[in-house]
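Notes for the structure review
Chain by chain, the residues run as shown.
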2 protein chains.
Amino acid sequence: MATIDDVAKAAGVSASTVSYVLSGKRPISAPTRARVERAIEKLGYRPHAGARALASARTNVIALMAPLRVGVNVPVIMQFVTGVVTRARDFDHDVLLLTQDDVSGLDRVTGGSMVDALVMMDIEADDPRVPLVAAAKQPSVLIGLPEDPEGLSCVDLDFEAAGRLAVRHLAAAGHADVALVGSPPEVLRRHTSYAERLMRGLRNQARASDVTVRVEACDSSPSGASEAVDTLLAAAPGTTGIIVHNEGALPHVLSRLAERDIVVGEDMSVVAVCPRDVALAQRIPMTSIDLPAEDIGRVAVDMVMARLDGEHPSETRLLAPVLTERESSAPGPAAGDG
Amino acid sequence: MATIDDVAKAAGVSASTVSYVLSGKRPISAPTRARVERAIEKLGYRPHAGARALASARTNVIALMAPLRVGVNVPVIMQFVTGVVTRARDFDHDVLLLTQDDVSGLDRVTGGSMVDALVMMDIEADDPRVPLVAAAKQPSVLIGLPEDPEGLSCVDLDFEAAGRLAVRHLAAAGHADVALVGSPPEVLRRHTSYAERLMRGLRNQARASDVTVRVEACDSSPSGASEAVDTLLAAAPGTTGIIVHNEGALPHVLSRLAERDIVVGEDMSVVAVCPRDVALAQRIPMTSIDLPAEDIGRVAVDMVMARLDGEHPSETRLLAPVLTERESSAPGPAAGDG
DNA sequence: CTGAAAGCGCTAACAC
DNA sequence: GTGTTAGCGCTTTCAG
């Protein structure tokens, strides 16, 4: 492999000049630049990442911690990942992928200066990783919200507002008894940030809108979804509005309703909280609150990069939920009243 | 951050001694080792990855190129990824994730010595990345098979054998007219390695077993699956055996058959080629040829690590397919004959 | 606008 | 069993 000295020699300049044409950190005359660039080209020169990291304290790599926990929806995770990876490239950064949720990986990559910054997904209310990244010398942003986001940078859909919005939508359409078919029990047991926030918004708005809301955890399997639907309708047969916050279960929930001869969009209004493509891929186009996963991934990178060079303070950004009416929701029993 | 010199000073030894207790590359007396370890502990010392890479020409990072192309099944991809990442950790390596299928990423990470080795997924028959990695100084292994695997290390399920096995199974059960519901058209258009190999095996065995085989590309959407099934049965109404090689479409294929009052496991035998968990998650447990994605990811890492330190030659490893009979296949029209 | 030179923090001969 | 030392290839002052 050619080194910077080889290039310098070939171009008849010093190594520092080569370095500067590469970094653009000082003006270079046109002819010099041309000679250097030609030499680089000719030798197929690539700066050595390690040497660069050592000299500049910059690796041009960010860590992405995407724990693949049981109960998470893999395609949605990958939408976040895609957003992060593509946006990172825009900043000339690569992505080191950590999938284990243990804490040693964090130590290794931060302490060893393997990365310039971190993005962490799947945050739990009281996440053991949070104090660690807060103490790291690298900036980080969390996708999700810990119990106490003080001093941290976070970004996510505003799930609490999404919960409110979903209930408000159903209530306004005349549904007095609504229900949530939510995340798998494992996800709830871990106090995963997004699940809890959605439920909080849901309950608050139910109180405010004077509707009842029943909450049902839901495994993502066909049988899990069937059970959730059956339990729900046994306990609250008057339910006319369902909010589904579980991408994996969504198709099976719809199947079960169909099996029970409940027509979605007529007998039952269903609002999904999920990525747009998931909402559109169901048997009927779903009224949904979009989870812009790829966007969120992108924003996470923007934020972490801003903190990396500017002296931007930490901030938490909650994206406002947007509800799009499609064919799965309709006016309910009380429509036209009052 | 503490450096190796800080540790050396604190332990009253030289820096090289610290280096050697860390690497184990030469014997250290018990008391010295103890002092060094205590100093490391006390100072929270972590070797600087860049410095290490520079001095040792080893990064302890491998690149994983997992292009997220249209038509690929994301959860299956993630099974490969999981296998690679977890196995890499066993070798004390981290994983740099490249998702773009362009070729510049390869250049960057190999030329810049960012990684010790590469694993590449989703290989196409005539893949432009292949000549590049073949020329790189780092060893690489492909998950999948290019046109000409000469001199490369490859690992995959033996899809050609899988195709043969599936047909042989159906033929032996007395099915004379079988069909493939295959990958999405985009995947075929790219001449993706696994799709083509399965089809080759299929056709060869059909000839050998004297059964007819019809091939239908299949979009992974519900409508795509319905269309494929309908087209298939219109063109070849006598079909009694279907091989499905498309995880995303599988549930929809089964739904469509159900809609048409075709009872899988009685009127129609279906053999799936997919990961075990996918086969078991269907409406009935599927007779399937297992795609051991996570295993393959692990083996890929084993192979690349073997090439990294030993002087193992390149090899291609095709895992023998295993068919497990479950409830979706049964004897066909000609059963008991001959 | 360009060059010289001092490190960045670690590894691995080479000594003893 | 341990220490000394010469780099690894780059960035970035400091000079001019």
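Here the structure is a predicted model, which is why all the values come from computation and not from measurement. (Residues numbered from 1 in each chain as written. Chains lettered and ligands numbered in written order. Predicted model: local features only at pLDDT ≥ 70, side-chain atom pairs only at ≥ 80, totals over all residues. Heavy atoms only, no water.)

Before going further, it helps to spend a moment on the domain arrangement of chain A. Under the domain assignment used here, chain A contains domain 1 (4-47), domain 2 (61-157 + 294-319) and domain 3 (159-291). Using C-alpha coordinates to define each centre, domain 1 of chain A is positioned 35 Å away from domain 2 of chain A. (Domains from an automatic or database assignment.)

Turning to the sheet that holds strand β6 (residues 177-181) of chain B, a few remarks are in order. Within a sheet, neighbouring strands are paired by backbone hydrogen bonds and run either parallel or antiparallel to one another. Residue and element names in this part refer to chain B. Spatially, 6 strands are ordered β7-β6-β8-β9-β10-β12 in an open sheet, and the strand pairing comes out mixed. The open sheet has two edge strands with one neighbour each: β7 (212-216) and β12 (323-324). Relative to strand β8 (residues 241-244), β6 runs parallel, the two sharing 4 bridges. Bridging from a neighbouring strand, L180 pairs with I243 of β8. (Pairing = 2+ DSSP bridges. Helix = DSSP H or I, 4+ residues; strand = E, 2+ residues; numbered from the N terminus.)

This next bit is on the pattern of salt bridges. Under the counting rule described, the total for this entry stands at 44 salt bridges over all chains. A salt bridge links R69 of chain B to E124 of chain B; the shortest N-O distance between them is 3.2 Å. Highlighted residues: R69 of chain B in the loop between β1 (61-65) and α5 (74-90) and E124 of chain B in the loop between β3 (117-120) and α7 (129-135), separated in sequence by 55 residues. With respect to class, R69 of chain B is no different from E124 of chain B; both count as buried. What emerges from the salt-bridge pattern is a single network uniting R69, D122, E124 and R190 of chain A. (Salt bridge = Lys/Arg side-chain N within 4 Å of Asp/Glu carboxyl O. Buried < 20%, exposed > 50% of the residue type's maximum accessible area, 1.4 Å probe, protein only.)

The next thing to look at is the pairing of strand β9 (residues 269-274) of chain A. Residue and element names in this part refer to chain A. Most of β9 sits inside the fold, with 6 of its 6 residues counted as buried. Bridge count between strand β8 (residues 241-244) and β9: 4 bridges; the pairing is parallel. Paired with V244 across the bridge in β9 is A272. Handedness of the β-α-β unit built from β8, helix α12 (residues 250-259) and β9 comes out right-handed. Across 4 bridges, β9 lies against strand β10 (residues 287-290) in parallel orientation. Across the sheet, residue V273 finds its bridge partner in β10, namely I289. (Right-handed = clockwise from strand over helix to strand, strands pointing away.)

A word on the side chain of D116 of chain A. All names here are of chain A. In this structure, D116 sits in the loop between α6 (104-111) and β3 (117-120). For D116, a relative accessible area of 5% gives the class buried. Of note is the side chain of D116, whose polar atom sits 2.7 Å from the backbone nitrogen of N60. (Polar contact = N/O pair within 3.5 Å; in protein donor to acceptor, adjacent residues only side chain to side chain.)

Moving on to the interface of chain A and chain B. When the parts of a complex come together, some accessible area is lost, and that lost area is often used as the size of the interface. Every contact between the two is made by 35 residues of chain A and, on the other side, 35 residues of chain B. A buried area of about 3000 Å², summed over both sides, lies between chain A and chain B, and 65% of it is on carbon and sulfur atoms. When the buried surface of chain A facing chain B is broken down by residue, R46, M78 and L97 of chain A rank first, second and third, together holding 18% of it. In this structure, the connection of chain A to chain B is made through 8 residue pairs in polar contact (both at pLDDT 80 or more). Mapped by element, the contributors of at least two residues to the side of chain A that touches chain B are α4 (49-56), α5 (74-90), β2 (94-98) and α6 of chain A. At 7 residues, the largest contribution of residues to the side of chain A that touches chain B is made by α5 of chain A. Counted by class, the side of chain A that touches chain B contains 21 nonpolar, 8 polar and 6 charged residues. The pairing of β2 of chain A with strand β2 (residues 94-98) of chain B spans 3 bridges and is classified as antiparallel. Considered in β2 of chain B, the bridge of L96 of chain A is made with L96 of chain B. (Contact = heavy atoms within 4.5 Å. Buried area = accessible area lost by both parts, 1.4 Å probe. Nonpolar A, V, L, I, M, F, W, Y, C, P; charged D, E, K, R; others polar.)

Okay, the packing of α5 of chain A against helix α14 (residues 293-309) of chain A next. Residues and elements named next belong to chain A. Between α5 and α14, whose axes approach to 7 Å, the crossing angle comes to 40°. When the axes of α5 and α14 are compared, the pair comes out oblique. Handedness of the crossing formed by α5 with α14: right-handed. Together, V76, Q79, F80, T82, G83, V84, T86, R87 and A88 of α5 and A293, E294, I296, G297, R298, V301 and D302 of α14 make up the contact between the two elements. Tallied by class, the residues present in the contact of α5 with α14 amount to 7 nonpolar, 5 polar and 4 charged. (Axes fitted to C-alpha atoms, helices over the stretch in contact; angles between N-to-C directions. Parallel < 35°, antiparallel > 145°, perpendicular 65-115°, else oblique. Left-handed = near helix turned anticlockwise from the far one by under 90°.)

Looking now at the relation of the copies chain A and chain B. With an axial shift of 0.0 Å and an RMSD of 0.1 Å, the rotation relating chain A to chain B amounts to 180°. These values place the two chain copies in the arrangement generated by a two-fold rotation axis. When the interface residues of chain A are mapped onto chain B, 100% of them are again interface residues, pointing to one common binding face. (Least-squares fit on C-alpha atoms with pLDDT ≥ 70 in both.)

Take helix α14 (residues 293-309) of chain B next. Residues and elements named next belong to chain B. The terminal C-alpha atoms of α14, which comprises 17 residues, lie 25 Å apart, in line with the 24 Å expected from a rise of 1.5 Å per residue. Among the residues of α14, A293, I296, G297, V299, A300, V301, M303, V304, M305 and L308 are the ones counted as buried. Where the residues of α14 are buried, they touch β1, α5, β3, β4 (140-143), β5 (153-157) and β11 (316-319). (Expected span 1.5 Å × (residues − 1).)

Let us look at the UniProt feature "domain: HTH lacI-type" (unreviewed entry) in chain A. Following the UniProt record, one finds the feature "domain: HTH lacI-type" (unreviewed entry) at residues 2-56 of chain A. Between the end C-alpha atoms of residues 2-56 of chain A the distance is 20 Å, and the span holds 71% helix and 0% strand. (UniProt positions renumbered as here; feature names shortened; annotations may be inferred.)

Glancing now at the sheet that holds β9 of chain A. Residues and elements named next belong to chain A. Read from one edge of the open sheet, 6 strands run β7-β6-β8-β9-β10-β12, paired in mixed fashion. For this open sheet the edge positions go to β7 (212-216) and β12 (323-324), each flanked by a neighbour on one side alone. In this structure, β10 lies alongside β12, joined through 2 bridges in antiparallel fashion. For S288, the partnering residue across the bridge sits in β12 and is T324.

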